[in-house]
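For reference, the chains in residue letters:
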Amino acid sequence: MTDNRFFNRSELIGILVLAAFLVVVLPLTLDVFRLNLVAKYLTYAFVALGLVICWGYGGILSLGQGVFFGLGGYCMAMFLKLEASSVENTKIQSTPGIPDFMDWNQITSLPFFWKPFHSLTFTIAAIVLVPGIFALIIGTAMFKRRVGGTYFAIITQAVAAILTILIVGQQGYTGGINGMTDLRTLKGWDIRPDHAKIVLYFFEVGCLFVCIMIAQFVRHSKLGRILVAMREKEDRVRFSGYSVANFKIFAFCVAAIFAAIGGAMFALNVGFMSPSFVGIVPSIEMVIYTAVGGRLSILGAIYGTLLVNFAKTSLSETFPELWLFGLGGLFIAVVLAFPNGLAGIWGDYMQPRIDRLISSRKSKPEGWTDGSVADGAPAE
């Protein structure tokens, strides 16, 4: 019998524990610097959340999610950079009123595609629409031709490499290899002080829980059940009259939009955006976060993202020359020993014990004491 509840008991407990951990425990125990690091980690959690829908439920492994993370980040960075490049702030430049990297590259006027990013409303719309439309184009071109599996993963890697080269090559319009730096204010509000970092952290956590609710809705809807069926028996779903390509495009677009939201939050929290977060390596790392947490678990992907990034930071601080080996070893160990990640460990070992403990307590008759006759023992 299918459980149609939006949250079952264990999922509701998991949501409440995660909320308490992010909203209460971490802000009370970490200083502002460390809390801002957690905010940076959570920007990748948006990507992992999208990969649960795309890869975990839809069976579509994308190794180019850094593309959409970067598109969202650059959209937000363009708005913030324009606000930081007012005539007053850039009066020492040859051409005041344009970003500094444009002035360094002898560009004398703001390019036409930059001008709409003076508007925050347009920027927010672009963060959703630009990666969504780009994913729609890629998905339509690939899935309508039944390109999938390894071939699709390789193509997404190629797209990530192409976009990185394009961003670096167009230095006068994108900031090149250095990216967009010195992002200062959001509608006049300084995003650099400690109190601003705290406000942005809580705003990001709120956005993350909204995305969790959306992912949970997709998971429990008929659409989610079709995605799972498509992952297991694609031909059977197709023969049942459903358009497999359209469902794949939808899952891919949702994952792209989630990743873009994470990229926009990254630009806000960290204060810069560069092509180093767009390419193949960061895209593969994002897949690792999901695999470690559990590609079939919404909450598991978030915990996996936090764990891997915490390990990455700790190892890089303690063993700067060995942390990459540690990260690779962690991924290999999880894949070999626990193919369903942290969520699989919880579901296979912890949850059954908790359920048995709860059910045993409920089954005990009223007035039961430890001196009662044991189950199955003959009464005297």
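1. Some thoughts on the overall build of the protein chain
Across its full length, the protein chain carries 15 helices and two strands. Expressed as a percentage of the 380 residues in the protein chain, the buried residues total 47%. Partitioning the intrachain contacts of the protein chain with sequence separation of at least 6 by distance along the chain shows that 76% fall at a separation of at least 24. Carbon and sulfur atoms make up 66% of the accessible area of the protein chain, which totals about 19300 Å².

2. Here we look at the confidence of the model for the protein chain
On average, the protein chain scores 86 in pLDDT, and the residues at 70 or more come to 90%. Taken as a whole, residues 370-380 scores under 50 in pLDDT and shows zero contacts with residues more than four places along the chain or in a different chain.

3. Quick word on the environment of F79
Along the chain, the position of F79 falls in helix α3 (residues 65-84). On the basis of relative accessibility, which here comes to 3%, the residue F79 falls in the buried class. The spacing of F79 and S119 is 40 residues in sequence and 7.4 Å in space, taken between C-alpha atoms. If we ignore the near neighbours within four places in the chain, the residues touching F79 are F117, H118, S119, L120, T123, L186 and K187.

4. Quick look at the state of the cysteines
What the rule picks out here adds up to zero disulfides. Considering cysteine sulfurs only, C211 is the nearest to C207, which forms no disulfide, with 6.9 Å between them.

5. Some details on unusual backbone geometry
Even without glycine at this site, Q106 takes up a positive phi of about 60 degrees. Among the structural elements, Q106 can be located in the loop between α4 (100-104) and α5 (120-143). Positive phi, normally seen in glycine, also occurs at R146, with a value near 60 degrees.

Cut-offs used in this document
- Residues numbered from 1 in each chain as written.
- Predicted model: local features only at pLDDT ≥ 70, side-chain atom pairs only at ≥ 80, totals over all residues.
- Heavy atoms only, no water.
- Helix = DSSP H or I, 4+ residues; strand = E, 2+ residues; numbered from the N terminus.
- Buried < 20%, exposed > 50% of the residue type's maximum accessible area, 1.4 Å probe, protein only.
- Contact = heavy atoms within 4.5 Å.
- Areas by Shrake-Rupley, 256 points an atom, 1.4 Å probe, with all protein chains shown as cover.
- pLDDT = per-residue confidence, 0-100.
- Disulfide = S-S within 2.5 Å.

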